[in-house]
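# Architecture at a glance
What follows is the residue order along each chain.
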Amino acid sequence: RVLVGTKVDESHANWVTAYNMLTGIRVSVSRTNAKLDRELTSADFEAKQKSTFDITGNELVPSAKYDFKFKDYAPWVFRHLRALFRLDPADYLMSLTGKYILSELGSPGKSGSFFYFSRDYKYIIKTIHHAEHKFLRKILMDYYTHVQNNPNTLLSQFYGLHRVKMPYGKKIHFVIMNNIFPPHRDIHTIFDLKGSTIGRDYKEEDLEKNPRATLKDLNWLRRKQHLELGIKKKRLFLEQLRKDVVLLKKLQIMDYSLLIGIHDLSRGNEENLRDKTLQVFNPGGERASAGEPPSVLLRTPSKMESVRKARELREKIRQERPVPIGQVLDKMPDELGDTHSRPGFVFNQDDGGFQATHEDNSLAEEVYYLGVIDCLTHYGLIKKIEHFWKGLSHDRSQISALPPEQYGDRFYNFVEGITMSAEEAKRQTIQKERE
Ligand code: ATP
Ligand code: CA
Ligand code: CA
């Protein structure tokens, strides 16, 4: 049994944390799912359920490898949210905890959050700050109502809100949400757009080293990209975005972005850009990585190192557990026979995404995967301070920390602008010049 103490290195603690996260999810989600469905009450939005895990277990909580405490927030609300988003309860649990694989998205944000993919890449676990956690609980009823009224919302789909508390007191809050990108298609270009230009540039030279880098507003503008949706799709998209932004403004949220992943049909799926680091967890209590100390697997490695490690690990695991794990590691998720279509959802109608469409309604060669992410930043004191300092040196409308009302308008206008085709943009400029 591995003890969490002062001597373990950071990475080691990470492994245990992830184990505890998955074990906690498995137990608490199964517990709620096992009950007969019922209507929500207002108390459900404030509810929290605590579990204590240890190696002996008891009649309510099965035994676990480590000692930790787990909190499940508003379990009934999230159960209903998962139903609204049409997740199959058994699939959800399987994806998150059924196999011993999770992979980490090498710290993509500045915020210090960690991101993990579920083994089938359908879900993302994001660790969040306590302030974001408190905020999500505060707005949960508004969010829930919005989802009920807007099944096609572009906002992040939240499926669970939990907390792990380690024996020495460290608390880790996290959410489970949809991966906007499909498990079964290569995404050739990624944009994270806020509608701001200051600091919103990814150095194009660095793309060679890092082809999966997330590009930003200035890259989009420099490349003269357009979000080509044709007339009908464009109307659906802007209409939904407008409603989503109304909610974000009302809840005083800012700093969110539109995440766009582009799958180029002419390039297809051959390049296999998924070089994510495979990492092994053991939520079921069986030994998936016998003999290997967890710290070796979970140190944040360099890219070369992680590729080599993943290869070694794959070989090792293949020898240990030839059938189930070998299957997961050798094949990409689409080869496992999973279906990734999300029937009934407007923005997932074409191969899980939204296919680019010309003005004459003919289909274009790209599929877009879209969503509004990072929407738990409340315009609080910190942002006001940031606004003040940055406001001294830059054009105030261009800085990213604007009050929510202006942030939302600028965001929406930018996105509306990029959905204009080149011809449309030209027509509009001519018209403006006439006025
Ligand atoms: P910051 O506050 O500095 O922007 P953060 O830690 O809050 O960072 P996010 O903005 O939520 O992080 O996400 C960072 C990046 O991670 C995104 O630009 C995107 O590439 C990826 N990402 C985040 N959420 C998702 C998602 N739901 N689906 C796919 N990719 C995502
Ligand atoms: Ca962000
Ligand atoms: Ca953030």
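Note that the structure is predicted; figures quoted are calculated from it, not measured.

Another aspect to go through is helix α2 (residues 75-84). Summarising burial for α2: eight of the ten residues are buried, a large majority. Burial in α2 covers these residues: Pro75, Trp76, Val77, Phe78, Arg79, His80, Leu81 and Arg82. Phi turns positive one or two residues past the end of α2, at Arg86, with a value near 55°.

Bringing the coordination of the calcium ion (ligand 3) into the picture now. Looking at the calcium ion (ligand 3), one finds its protein donor set to be Asp374 (OD) and Asp374 (OD), positioned 2.5 Å from the metal centre. Separating the calcium ion (ligand 3) and the calcium ion (ligand 2) is a distance of 4.4 Å, and Asp374 donates to both of them. Tracing the chain through its elements places Asp374 in the loop between β13 (363-373) and α10 (381-393).

This part covers the nonpolar core. Grouped together as the largest cluster of nonpolar side chains are 92 residues, with contacts concentrated most on Phe237 and Ile260. With eight residues, helix α1 (residues 10-33) is the single largest residue contributor to this core. Grouped together as the second largest cluster of nonpolar side chains are eight residues, Phe181, Ile190, Tyr369 and Ile373 included.

What follows is about the pattern of salt bridges. Opposite charge on two side chains permits them to pair, given that their charged atoms come into close proximity. Counting across every chain of the model gives 17 salt bridges. A salt bridge links Asp37 to Arg79; its shortest N-O distance comes to 3.8 Å. With Asp37 in the loop between α1 and β1 (48-53) and Arg79 in helix α2, the pair connects residues that are 42 residues apart, well separated along the chain. On the basis of relative accessible area, Arg79 is assigned to the buried category, the value being 15%. Note that Asp206 is salt-bridged to Lys209, the shortest N-O span being 3.7 Å. Residue Asp206 is classed as partly exposed on the basis of its relative accessible area, which comes to 24%. On the accessibility criterion, Lys209 (66% relative accessible area) is exposed. Shared partners join several salt bridges into a network, and the residues in it are Asp201, Glu204, Arg222 and Arg223.

The next subject is a positive patch on the surface. There is a patch of like positive charges on the surface, built from Lys48, Lys50, Lys69 and Lys171. With respect to the helices and strands, Lys48 occurs in strand β1. Judged by its relative accessible area of 49%, Lys48 falls in the partly exposed class.

On to the sheet that holds β13. One open sheet accounts for five strands, arranged β9-β8-β10-β13-β12; its pairing is mixed. Each edge of the open sheet carries a strand with a single partner, namely β9 (214-215) and β12 (354-357). Pairing geometry for strand β8 (residues 189-193) and strand β10 (residues 257-264), over five bridges, is antiparallel. Residue Ile190 lies in a different strand from β10, and its bridge partner there is Gly261. Docked against the sheet, helix α6 (residues 230-250) engages β10, β12 and β13, running at close to 125° with respect to β12. In this fold helix α11 (residues 404-418) packs onto β8, β10 and β13, with an angle of close to 20° to the strand it touches most, β10.

The rules behind the values
- Residues numbered from 1 in each chain as written.
- Chains lettered and ligands numbered in written order.
- Predicted model: local features only at pLDDT ≥ 70, side-chain atom pairs only at ≥ 80, totals over all residues.
- Heavy atoms only, no water.
- Buried < 20%, exposed > 50% of the residue type's maximum accessible area, 1.4 Å probe, protein only.
- Helix = DSSP H or I, 4+ residues; strand = E, 2+ residues; numbered from the N terminus.
- Donors = N, O, S within 2.8 Å, 3.2 Å for Na, K, Ca; no water.
- Core = buried A, V, L, I, M, F, W, Y, C linked by side-chain atoms within 4.5 Å.
- Salt bridge = Lys/Arg side-chain N within 4 Å of Asp/Glu carboxyl O.
- Patch = residues over 30% accessible without salt bridge, like charges linked within 9 Å, V, L, I, M, F, W, Y side chains within 5 Å.
- Areas by Shrake-Rupley, 256 points an atom, 1.4 Å probe, with all protein chains shown as cover.
- Lys, Arg positive; Asp, Glu negative; His and termini not counted.
- Charge placed at Lys NZ, Arg CZ, Asp CG, Glu CD.
- Pairing = 2+ DSSP bridges.
- Contact = heavy atoms within 4.5 Å.
- Axes fitted to C-alpha atoms, helices over the stretch in contact; angles between N-to-C directions.

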